[in-house]
Amino acid sequence: MEQDKIFERLMQLVIHYYHDRDQGKFVDYLDLEPLRQRLGLEDERGRGDWDALFTWVERYLAHAVRTDHPAYLNRMWAGANLPSVIGEVIVAVTNTSACTFETAPVSTLMEKYLLQTMLDLVGFKGGCGQMTTGSSNANMLAMMAARNDLQPEAKQRGLFGSSHLVAMVNADAHYSMDRAANILGLGTDHLLKVPVDDHGRMRIPALEGLLAETVASGGKPFFVVATAGTTVRGSYDLVEPLLKLRERYGFWLHVDGAWGGSVIFSDRLRRRFLPALAQADSFTLDFHKMMGTALMCNVLLFNRQPVFLREVCSAGDESYIFHQGEGDEVRDLGTLSLQCGRRVDSLKWFLDWKFYGQAGLAERVERYLELCQYAEDQVDRLPELEMVAPRESFNVCFRFRSPEGIPAAPFNQALRERLHRSGRALVGTGYVNGQLALRLLITNINVGKPEIDHFFQSVIETGRELLAERSGRP
């Protein structure tokens, strides 16, 4: 009976929070020490005291960033879709691991269904895949797969005495590539950063030169990454020229679509941004970004047979937990993963997929792109603002025009901090060609043209406030 009352009390708090999630300020901001004092983390109450626990829940919600709020424009993800929230609740209540069929029969079938659906959508015929903890992990696993594909003996012998392996990425590629090179023992010096053109894409002649130099020096270029939507500019590397270079040099071509891979749901946008994706060796996509599935939710797909992925990931005596299905069918998905315990992420993506469908998701990503075009047009129209770089896709990199004599970077950083601490808006930053930009990302279903207008007005008003303070005007 007490548990029923606890659930009722919890759901009342959740309903109240969810109802007001896009109202007022996006955060009740407190700095580090004041927030620590407000939370009362050192309070001795708690053991067996539900009232004390709910006090901390209430404090958490009171100062949590409302990522559903239209002023939240800071990350590549925002508030979660309601179908996936339902999935999260069910997953928490059932509390199981997706590593084996016997502990997670439903999620096993859901994940297999979703993986096949995504493989068909991408065009990897007879391929395989897995759901991972996010694209940082997926990028590392793709690099590992490429290494083991080239040197199968590395699984047992390591890299001792192996050829000089070199990976190559866009100079603006995500830092997870550096971390993957570190974790896998390649060393970050063996991850070469390819210079970019004025669109933020890898310069193909520069890449070709690095490939030739590596081979001439006795090295082996084994892994090249095409970034589909770079973190700051949103640039898409051209896949087709990379496929031609792959024919000559034999490297593994991975497409990192963590951010911009969502264009695959729209036939029109896929033809524009990723026309040759089906010929890549691997591809990763975060559903928790543009698609709005609750964090975390990722898929990594391979243009290889399922036995390949098992060979890459499986090691050690697994007989106590994993069991083979009939024939070549994989029964326990943990055999295709580096992890043993695996969170059930398939349910929330399954519910989103069924509720919105490909057509609904395509409409969403197309709408985001249209809103980004609108935002860029507004920046060009407003005299106080300027683009730091032309928009490539879903990222709008702009700044407030600071008067002569006031350095643009520190001024815009101060403007961004004022927006945040006042609860007006939260927007990211990034550097383009050494210039600091306010990086506007629209991946929030509660954002439309009126909200974009309101955001820019907040930026302009805040910039004017800072200039007035500098000049001493009231």
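Residues numbered from 1 in each chain as written. Predicted model: local features only at pLDDT ≥ 70, side-chain atom pairs only at ≥ 80, totals over all residues. Heavy atoms only, no water.

Chemist: Which parts of the structure should I look at to understand the pattern of salt bridges?
Modeler: Pairs can form between side chains of opposite charge whenever their charged atoms are close. Counted according to the given criterion, the structure contains 29 salt bridges. A salt bridge links Asp178 to Lys193; the shortest N-O distance between them is 3.1 Å. Here the residue Asp178 occupies a position in helix α8 (residues 176-183), and Lys193 occupies one in strand β4 (residues 191-194), the gap between them amounting to 15 residues. Asp178 gets classed as partly exposed once you look at its relative accessible area, which sits at 21%. Given a relative accessible area of 38%, Lys193 falls into the partly exposed group. (Salt bridge = Lys/Arg side-chain N within 4 Å of Asp/Glu carboxyl O. Helix = DSSP H or I, 4+ residues; strand = E, 2+ residues; numbered from the N terminus. Buried < 20%, exposed > 50% of the residue type's maximum accessible area, 1.4 Å probe, protein only.)

Chemist: I tried to follow the sheet that holds strand β10 (residues 395-400) on my own but got confused; where do I start?
Modeler: Pairing between sheet strands relies on hydrogen bonds along the backbone, with the strands arranged either parallel or antiparallel. Strand order in this open sheet of five strands is β1-β11-β12-β10-β9, and the pairing throughout is mixed. For this open sheet the edge positions go to β1 (72-73) and β9 (385-387), each flanked by a neighbour on one side alone. Sheet analysis places β1 next to strand β11 (residues 426-432), joined by two bridges and oriented parallel. When the bridges of β11 are listed, Leu73 appears paired with Val427. On the sheet, helix α13 (residues 346-381) packs against β9, β10 and β12 (435-441) and is oriented at approximately 125° with respect to β9. (Pairing = 2+ DSSP bridges. Contact = heavy atoms within 4.5 Å. Axes fitted to C-alpha atoms, helices over the stretch in contact; angles between N-to-C directions.)

Chemist: Any chance you could explain the packing of aromatic side chains here in plain terms?
Modeler: The description of an aromatic ring pair rests on the distance of the ring centres and on the angle between the ring planes. Applying the stated criterion to the full structure yields 18 aromatic pairs. Where Phe273 meets Phe394, the ring centres are 6.4 Å apart and the plane angle is 40°; that geometry is what we call tilted. Of the two residues, Phe273 sits in helix α11 (residues 267-273) while Phe394 sits in the loop between β9 and β10, which places them 121 residues apart along the sequence. Take Phe273 and Phe394: they sit in the same class, and that class is buried. In textbook terms, an aromatic cluster arises when at least three aromatic residues are bridged by ring pairs, as seen for Tyr236, Trp259, Phe273 and Phe394. Looking at Arg304, its charged tip hangs above the ring of Phe308, at a distance of 5.9 Å from the centre. (Phe/Tyr/Trp six-rings, centres within 6.5 Å; stacked < 30°, edge-to-face > 60°. Lys NZ or Arg CZ within 6 Å of the ring centre and 35° of its normal.)

Chemist: What am I meant to see in the side chain of Glu88 here?
Modeler: Turning to its location among the elements, Glu88 is positioned in helix α4 (residues 82-94). In this structure Glu88 comes out as buried when scored by relative accessible area, which is 19%. Not counting the four nearest positions on each side in its chain, Glu88 is found in contact with Ala294, Leu295, Arg343 and Lys348.

Chemist: Looking at this model, I keep getting lost on the sheet that holds strand β7 (residues 282-286). Mind explaining?
Modeler: Pairing is mixed across the open sheet formed by seven strands, whose spatial order is β2-β8-β7-β6-β5-β3-β4. Edge positions in the sheet fall to β2 (128-132) and β4, since each of these pairs with one other strand and no more. For this sheet, the mean angle separating the axes of adjacent strands, direction not counted, is 20°. When strand β6 (residues 252-257) meets β7, the two strands line up parallel, connected through four bridges. Bridge pairing in β7 links Gly257 to Leu285. Relative to strand β5 (residues 219-227), helix α9 (residues 204-216) is tilted by about 160°, and along the sheet it contacts β3 (164-170), β4 and β5. Strands β2, β6 and β8 (298-302) of the sheet are contacted by helix α12 (residues 306-313), whose axis makes an angle of about 50° with β2.

Chemist: Quick question: what am I supposed to make of the packing of helix α5 (residues 105-122) against α13 here?
Modeler: The packing of two helices is summarised by the inter-axis angle and the distance between the axes. The N-to-C vectors of α5 and α13 enclose an angle of 50°; their axes lie 9 Å apart at closest approach. As far as their axial angle goes, α13 and α5 are oblique. Crossing hand, α5 versus α13: left-handed. Listed contacts from α13 to Ser107, Met110, Glu111, Tyr113, Leu114, Thr117, Met118 and Leu121 of α5 are Ser346, Leu347, Trp349, Phe350, Trp353, Lys354 and Gln358. Broken down by class, the residue content of the contact of α5 with α13 amounts to nine nonpolar, four polar and two charged. (Parallel < 35°, antiparallel > 145°, perpendicular 65-115°, else oblique. Left-handed = near helix turned anticlockwise from the far one by under 90°. Nonpolar A, V, L, I, M, F, W, Y, C, P; charged D, E, K, R; others polar.)

Chemist: Would you mind showing me how to read the pairing of β7 here?
Modeler: Looking along a regular strand, one sees side chains alternate from face to face of the sheet. Of all five residues in β7, five are buried; the element is thus mostly enclosed. Side chains Ser282, Thr284 and Asp286 project from β7 onto one buried face, and the interleaved Phe283 and Leu285 project onto a second face that is buried too. In this region the chain leaves β6, passes through α11 and returns to the parallel neighbour β7; the handedness of that crossover is right-handed. Summarising the sheet, β7 and β8 pair through five bridges and their orientation is antiparallel. Along β8, the bridge assignment pairs Asp286 with Asn298. (Right-handed = clockwise from strand over helix to strand, strands pointing away.)

Everything listed here is a matter of geometry and, on its own, says nothing about what the molecule does.
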